[in-house]
Amino acid sequence: MEATEILKMNKQRWEVSAERFFGRTALPEYGPFAFNEEQLKLFGSIKGNKVLDIGCGSGHSLQYMGREGAKELWGLDLCTKQIETARNLLHDQQVEVTLIESPMEENPGLPSNYFDIVYSIYALGWTTNLSLTFANIYSYLKPGGVLIFSWEHPLHDRLKYEEEQSTFIFNKSYVNEGPEYNEGWQNLAVIHHRKLSTYINALIEAGFMIEKVIDDVYLPEEPSENPSRWYSTQKANLVPATFIIKASKK
Ligand SMILES: C[S@@+](CC[C@H](N)C(=O)[O-])C[C@H]1O[C@@H](n2cnc3c(N)ncnc32)[C@H](O)[C@@H]1O
């Protein structure tokens, strides 16, 4: 399937599903069963920084950045509904807010060597072209600027709960990469499966220096009622649900 077809299909799904995700995965949270920013402190001080959110969704992470003292808030997202929601949410910010509807695979005219921080919370793995996306982000960042992103761990959806046997089975290849109809999206969206090393190597190839790779699991004390849910404590006890990478522009 061509990248343009995938983007069209995924945009259609996001336009109808956006509401379900408003503020669901947003800073200070990094994602399911991951430690949060208050625990990890990856960003350091945000005060006075120009920040860009890739796949900003409903704008809740940008709102967090605003509260933490960012000087400029920029967000990019493929979905019209998300951008409109973010615009409403951020209308009373005291600092400049720029929201752009665009796929992350394209540079919609963002400034180069401009941002102190580019980040992405559970959005970057949607890209149809990882190297191009990292090359774009690298160009937006100032030298010394940082990229922090979280995404679903590539082992997570390889494991499926088998009701009859009351156990998890490893039923998809971790090593075979490429676009896949995503079960979590009832096969109506296409997400590229990539190994963790592919993310790391693509960052290195784009010129980034890797500062931290985190796939630790934070488990609540109470187990999930239903282990067959997409994210369950029982599954998170076996494989991480989320990974986080911090990298910097040399
Ligand atoms: C789980 S949401 C992210 C939530 C958001 N980061 C937050 O902190 O609230 C994923 C977002 O990625 C966006 N997205 C999906 N594919 C994209 C692409 N190719 N380019 C830009 N945004 C994309 C979706 O429209 C959606 O808003």
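Just so it is clear, the structure is predicted and the values come from calculations on it, not from any experiment. (Residues numbered from 1 in each chain as written. Predicted model: local features only at pLDDT ≥ 70, side-chain atom pairs only at ≥ 80, totals over all residues. Heavy atoms only, no water.)

Trainee: Please give an account of the overall build of the protein that cites residues and values.
Mentor: Within the protein one finds 7 helices and 11 strands. Relative to a compact globule of 250 residues, whose C-alpha radius of gyration would be 18 Å, the protein shows 18 Å and is just as compact. Classification of the 250 residues of the protein by burial places 52% in the buried group. Of the contacts made within the protein by residues no fewer than 6 positions apart, 69% connect residues no fewer than 24 positions apart. (Helix = DSSP H or I, 4+ residues; strand = E, 2+ residues; numbered from the N terminus. Rg over C-alpha atoms; globule rule 2.2 N^0.38 Å. Buried < 20%, exposed > 50% of the residue type's maximum accessible area, 1.4 Å probe, protein only. Contact = heavy atoms within 4.5 Å.)

Trainee: Describe the sheet that holds strand 3 (residues 96–101), listing the residues and the values that go with them.
Mentor: The strand order 3-2-1-4-5-11-10 describes an open sheet built from 7 strands, whose pairing is mixed. Every interior strand has two partners, whereas the edge strands, strand 3 and strand 10 (208–214), have only one. Each neighbouring strand pair of the sheet contributes to a mean axis angle of 15°, computed without reference to strand direction. Across 6 bridges, strand 2 (residues 72–77) lies against strand 3 in parallel orientation. (Pairing = 2+ DSSP bridges. Axes fitted to C-alpha atoms, helices over the stretch in contact; angles between N-to-C directions.)

Trainee: Outline the packing of helix 5 (residues 130–140) against helix 6 (residues 196–206), supporting the account with residue identities and numerical values.
Mentor: Interhelical geometry of helix 5 versus helix 6 gives an angle of 45° and a closest axis separation of 9 Å. In terms of orientation, helix 5 lies oblique with respect to helix 6. As helix 5 packs across helix 6, the resulting crossing turns out to be right-handed. Contacts between helix 5 and helix 6 involve Leu130, Phe134, Ala135 and Tyr138 from the former and Thr198, Tyr199, Ala202, Leu203 and Ala206 from the latter. Within the contact of helix 5 with helix 6, the residues separate by chemical class into 8 nonpolar, 1 polar and no charged. (Parallel < 35°, antiparallel > 145°, perpendicular 65-115°, else oblique. Left-handed = near helix turned anticlockwise from the far one by under 90°. Nonpolar A, V, L, I, M, F, W, Y, C, P; charged D, E, K, R; others polar.)

Trainee: Quick rundown of the pattern of salt bridges? Include the residues and the values.
Mentor: What the rule picks out here adds up to 8 salt bridges. For the salt bridge of Asp116 with Lys142, the shortest nitrogen-to-oxygen distance reads 2.8 Å. Residue Asp116 is located in strand 4 (residues 115–121), and its partner Lys142 is located in strand 5 (residues 141–152); the two are separated by 26 residues in the primary sequence. For Asp116, a relative accessible area of 18% translates into the label buried. Where salt bridges share partners, they join Lys11, Glu15 and Glu101 into one cluster. (Salt bridge = Lys/Arg side-chain N within 4 Å of Asp/Glu carboxyl O.)

Trainee: Provide a residue-level description of the nonpolar core, including the pertinent values.
Mentor: The biggest cluster of nonpolar side chains holds 36 residues, and the ones touching the most others in it are Val118, Phe134, Ile137, Leu147, Phe149 and Phe208. If you list the elements that add at least two residues to this core, you get strand 1 (50–54), strand 2, strand 4, helix 5, strand 5, helix 6 and strand 11 (242–249). Non-local contacts of Phe149, meaning those with residues more than four positions away in its chain, are made with Ser120, Leu124, Phe134, Tyr199, Leu203, Phe243, Ile244 and Ile245. Listed in part, the 24 residues of the second largest apolar core include Leu27, Tyr30, Tyr119 and Ile121. (Core = buried A, V, L, I, M, F, W, Y, C linked by side-chain atoms within 4.5 Å.)

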